[in-house]
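One letter stands for each residue in the lines below.
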Amino acid sequence: MPGTFRFSFGPWNIHEGADPFGPPVRPGMPFTQKLALYKKLGFDGVQLHDDDAVPNLNELSGAQIERSAAGLRRTLDDEGLVAEFVAPRLWEDPRTIDGGFTSNDENNRRYAIERSLKAIDIANVLGTKKIVLWPAREGTYIRESKDARLAVERILEAVNRMLAYDPEILILIEPKPNEPMDQAYLPTVGHAIGLAYLSDDPSRVGALIESAHAILAGLDPSDEMSYALAHKKLWSVHLNDQNGLKYDQDKSFGSVDLRRAFMQVWVLDRNGYGNNGEFVGMDVKAMRTQRAEEATQHLANSREIFLALLAVVRSLDTARIDQLIAQRNYEQLEIEIIRALMGR
Ligand code: GLO
Ligand code: MG
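Owing to the predicted nature of the structure, the values given are computational and were not obtained by experimental measurement.

1. Side note on the nonpolar core
The biggest cluster of nonpolar side chains holds 79 residues, and the ones touching the most others in it are Ile122, Leu126, Val280, Met282 and Phe306. With eight residues, the top contributor of residues to this core is helix α4 (residues 106–126). Judged by nonpolar contacts, the second largest core, of seven residues, contains Trp12, Ala87, Val132 and Trp235.

2. A closer look at the layout of surface pockets
Considering only enclosed or pocket space, the second largest pocket measures out at about 230 Å³ in volume. Each residue belonging to the lining of the second largest pocket can be placed in one class, and the counts come to four nonpolar, four polar and four charged.

3. Overview of helix α8 (residues 221–230)
Each full turn of the α-helix corresponds to 3.6 residues, which orients residues three or four apart in the same direction. Along α8, the residues classified as buried are Pro221, Ser222, Glu224, Met225 and Ala228. Looking down the long axis of α8, one finds its buried residues gathered within 160° of arc, a one-sided arrangement. The exposed set on the far side of α8, more than 90 degrees from its buried face, consists of Asp223 and Ala230. In this structure, the buried residues of α8 make contact with α6 (189–198), β8 (205–210), α7 (211–216), β9 (234–239) and α9 (258–270). Just downstream of α8, Lys232 is the residue with a positive phi angle, here 55°.

4. Focus: the site of ligand 1
If you check the shell around ligand 1, you find 13 residues, and the closest are His49, Glu174, Lys176, Glu210 and His238. Note that an oxygen atom of ligand 1 is positioned 2.7 Å from one of the side-chain N or O atoms of Glu174. Calculation on ligand 1 without its partners gives an accessible area of 320 Å², and the protein chains cover 94% of this total.

5. Observations regarding the coordination of the magnesium ion (ligand 2)
Under perfect tetrahedral coordination by four donors, a metal shows angles of 109.5 degrees; under perfect octahedral coordination by six donors, it shows angles of 90 or 180 degrees. Protein-derived ligands of the magnesium ion (ligand 2) are Glu174 (OE), Glu210 (OE), His238 (ND1) and Asp283 (OD), with the metal-ligand distances lying across 2.0 to 2.2 Å. Coordination geometry of the magnesium ion (ligand 2): the six donor atoms subtend angles of 82 to 172° at the metal centre, consistent with an arrangement described as octahedral. Expressed as a motif, the donor residue spacing for the magnesium ion (ligand 2) is E-x35-E-x27-H-x44-D. Taken together, the positions of Glu210 in strand β8 and Asp283 in the loop between β10 (280–282) and α10 (297–315) put the pair 73 residues apart, joining distant regions of the chain. Both residues of the pair, Glu210 and Asp283, count as buried.

6. Structural notes on unusual backbone geometry
Of note, the amide linkage connecting Glu179 to Pro180 takes the cis form, showing an omega dihedral of 10°. Relative to the assigned elements, Pro180 resides in the loop between β6 (170–173) and β7 (183–184). At Glu179, a residue that is not glycine, the phi angle is positive and equals roughly 70°. Within the secondary structure layout, Glu179 lies in the loop between β6 and β7. Residues other than glycine seldom take positive phi values, yet Asp250 does so here, at roughly 50°. Counting through the fold element by element, Asp250 comes out in the loop between β9 and α9.

7. So, the pairing of β8
Of all six residues in β8, six are buried, a share of seventy percent or more. The alternating pattern of β8 places Val205, Ala207 and Ile209 and Gly206, Leu208 and Glu210 on opposite faces, both of which are buried. The sheet contact formed by β8 and β9 spans four bridges and is parallel. Bridge pairing links Leu208 to Ser236 in β9.

Quick notes on the rules
Residues numbered from 1 in each chain as written. Chains lettered and ligands numbered in written order. Predicted model: local features only at pLDDT ≥ 70, side-chain atom pairs only at ≥ 80, totals over all residues. Heavy atoms only, no water. Core = buried A, V, L, I, M, F, W, Y, C linked by side-chain atoms within 4.5 Å. Buried < 20%, exposed > 50% of the residue type's maximum accessible area, 1.4 Å probe, protein only. Helix = DSSP H or I, 4+ residues; strand = E, 2+ residues; numbered from the N terminus. 1 Å grid on protein atoms, 1.4 Å probe; cavity = no way out; pocket = protein on both sides within 12 Å on 5 of 7 lines; lining within 4 Å. Points joined across faces, edges and corners; volume = space filled by probe spheres on them. Nonpolar A, V, L, I, M, F, W, Y, C, P; charged D, E, K, R; others polar. Arc of directions from axis to C-beta. Contact = heavy atoms within 4.5 Å. Near = heavy atom within 4 Å. Polar contact = N/O pair within 3.5 Å; in protein donor to acceptor, adjacent residues only side chain to side chain. Areas by Shrake-Rupley, 256 points an atom, 1.4 Å probe, with all protein chains shown as cover. Donors = N, O, S within 2.8 Å, 3.2 Å for Na, K, Ca; no water. Tetrahedral: all angles 85-135°; square planar, octahedral: opposite > 155°, others 65-115°. Pairing = 2+ DSSP bridges.

This is the structure we're talking about:
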């Protein structure tokens, strides 16, 4: 069955352009103004960090958090938008400097788990069951500083605490091999899914695959997606692009390697992605050089490229492809795919 595609992004994808070497170059945009742009750009789903949804949540009581989240829920409803997931932001607080779940300090680990449970409360008010865990600082700068086996056990303990806290919540691990840490404990989807099977409820732990993260790990994003699909665990994607092994670039989908992007669309469509309500997330950032007036174009462009590649995928003659595969004439298969991509 072919896929069904709806698109999402997070408020961080409309960005002021700050990087580690320079300040913002565009004015900030209030969150509600960003929400008003979603539909115009062709997007229906909103991805949220817990504190995108409820600012300053560390200073609020449980009841205050619920009230604030309910306010956002009304705004989303008014805009005709849905919350796709909530992700606990475990990488900015001073208590998570050396990791959240894998910090060597017990008090800090407790903070990270409590914060993740608050993200679940917020998700419930917003009407989503999906919690994304990007284990940003669950890794090291020097290997001697943490016990790597214990770290995996500690991440597992946190996942189990979350599963026990809410019997319906789904946990999507977003693997990334490095940045901000030198080396991360869950670098690939294989690691994420391995952890899922160790958990108390493997059926509720899956993955979000980001194209750039797979590329940074030296892997092909469509193969990473296929691996998760084989386990029925591809519950979201962060499509974008990445020009080789450098900082995490979050370039527009397909802007570096159109054929690599094509293959991701092919895999998603051929596997009926989206038929259970999964979104196609675009984790993309505008170039720092982009003027403020046009600083949302990367989102519309990524969606346009996805849909154009989908049209190419669906235009291909599958009997012809099967025939070339049967003949083992992969050179001919390649030229025909490239011709299709070039519109010839
Ligand atoms: C950074 C990640 C980040 C996450 C987001 C949701 O490299 O891709 O953008 O996707 O924080 O957890
Ligand atoms: Mg991402």
